[in-house]
Amino acid sequence: MYSNMKHTVAELEFYILQYLEGMTFPMLKNLGLQYENTYFLFEVRLYQQHGIDSLQPPTKHQHYSSEFREQVAQEHLVDKISINELAIKYNIPSQKTIRSWIFRYTNGGESQSYNSKPEVYL
């Protein structure tokens, strides 16, 4: 199991299916659901949009092209699509990822050419 997951994929899918069949969040908590309401509802929406694949833990860090990152940031800034909706739309598991892209593009950080090693700046 992925280090920050509180349930296996099968368990999480079970809770999501129970929720979609009408079980309330407090009832799921009584059954052992360990997620908070907001995060669980985010997982439910990801599951509805992308299926079981959205529940799979990443095997390694995802890499997104700078064009894709800028496109997502622009959708938020220009089209006023919420960060939550963008994460669901593109199956991005963390809203923090999108927030960092928006910050980068609104502060000109992405236009700077830099290496991930702090001692190597171009």
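You'll find the structure just up there.
Values in this document were obtained by computation on a predicted structure and should not be read as measured data.

Chemist: Looking at this model, I keep getting lost on the overall build of the chain. Mind explaining?
Modeler: Helix and strand counts for the chain come out as six helices and zero strands. For the chain, the α and β elements follow one another from N to C terminus as α-α-α-α-α-α. Looking at the chain as a whole, 27% of its 122 residues are labelled buried. Sequence-distant contacts, at least 24 apart, represent 57% of the contacts inside the chain between residues at least 6 apart. About 8200 Å² of surface is accessible on the chain, with carbon and sulfur atoms providing 51% of the total.

Chemist: Can you help me understand the nonpolar core in this one?
Modeler: Proteins that are soluble and globular tend to have nonpolar side chains buried together. If you look at the biggest cluster of nonpolar residues, it comprises 14 residues, and the most contacted ones within it are F42, F68, V72, I92, I98, W101 and I102. When residues of this core are traced back to their parent elements, those giving at least two are α3 (37-50), α4 (66-77), α5 (83-89) and α6 (95-106). In contact with I98, other than residues within four places in its own chain, are V72, I83, L86, A87 and I92.

Chemist: How do you make sense of α4 when you look at a structure like this?
Modeler: Residues lying three or four places apart along an α-helix face the same way, a consequence of the helix completing one turn every 3.6 residues. Between its first and last C-alpha, α4 extends 16 Å over twelve residues, near the 16 Å set by a 1.5 Å rise per residue. All of the buried residues in α4 are F68, R69, V72, A73 and E75. Take α4 and look down its axis: the buried residues cluster within an arc of 155°, on one side only. Those residues of α4 that are buried lie in contact with α5 and α6.

Chemist: Help me out: how do you make sense of the packing of aromatic side chains in this one?
Modeler: The way to describe two aromatic rings as a pair is by their centre distance and the angle between their planes. A complete count under the given rule lists nine aromatic pairs for this structure. Note on Y64 and W101: the rings are 5.1 Å apart at their centroids and 75° apart in plane angle, and the pair reads as edge-to-face. In this pair, Y64 is assigned in the loop between α3 and α4 and W101 in helix α6, connecting sequence segments 37 residues apart. In textbook terms, an aromatic cluster arises when at least three aromatic residues are bridged by ring pairs, as seen for Y64, F68, Y90 and W101.

Chemist: Can you walk me through the side chain of E75 in this structure?
Modeler: Structurally, the position occupied by E75 is in helix α4. A residue is classified by how much of its surface remains accessible, and E75, at 8% relative accessible area, is buried. Engagement of the side chain of E75 in a polar contact is seen with the side chain of K89, the distance being 2.9 Å. With residues near it in sequence (within four places) discarded, E75 still touches K80, I81, L86, K89 and Y90.

Chemist: Is there a simple way to think about the packing of helix α1 (residues 9-20) against α3 in this case?
Modeler: Angle between the axes and distance between the axes are the two parameters that describe a pair of packed helices. Closest axis-to-axis distance for the α1/α3 pair is 10 Å, and the angle between their directions is 90°. The angle between the axes of α1 and α3 places the two elements in the roughly perpendicular class. Here L12, E13, Y15, I16, L17, Y19 and L20 of α1 come into contact with α3, specifically with F40, L41, E43, V44, Y47 and Q48.

Chemist: Would you mind showing me how to read the pattern of salt bridges here?
Modeler: It is possible for side chains bearing opposite charge to pair when their charged atoms get close. Summed over the entire model, instances satisfying the criterion amount to two salt bridges. Note that E85 is salt-bridged to R45, the shortest N-O span being 2.8 Å. With E85 in helix α5 and R45 in helix α3, the pair connects residues that are 40 residues apart, well separated along the chain. Here E85 falls in the partly exposed class, since its relative accessible area comes to 31%. Judged by relative accessible area, which is 33%, R45 ranks as partly exposed. Notably, a salt bridge pairs E75 with K89, separated by 2.9 Å at the nearest N-O pair. Separated by 14 residues along the polypeptide, E75 in helix α4 and K89 in helix α5 bring together distant segments of the chain.

About the criteria used
- Residues numbered from 1 in each chain as written.
- Predicted model: local features only at pLDDT ≥ 70, side-chain atom pairs only at ≥ 80, totals over all residues.
- Heavy atoms only, no water.
- Helix = DSSP H or I, 4+ residues; strand = E, 2+ residues; numbered from the N terminus.
- Buried < 20%, exposed > 50% of the residue type's maximum accessible area, 1.4 Å probe, protein only.
- Contact = heavy atoms within 4.5 Å.
- Areas by Shrake-Rupley, 256 points an atom, 1.4 Å probe, with all protein chains shown as cover.
- Core = buried A, V, L, I, M, F, W, Y, C linked by side-chain atoms within 4.5 Å.
- Expected span 1.5 Å × (residues − 1).
- Arc of directions from axis to C-beta.
- Phe/Tyr/Trp six-rings, centres within 6.5 Å; stacked < 30°, edge-to-face > 60°.
- Polar contact = N/O pair within 3.5 Å; in protein donor to acceptor, adjacent residues only side chain to side chain.
- Axes fitted to C-alpha atoms, helices over the stretch in contact; angles between N-to-C directions.
- Parallel < 35°, antiparallel > 145°, perpendicular 65-115°, else oblique.
- Salt bridge = Lys/Arg side-chain N within 4 Å of Asp/Glu carboxyl O.

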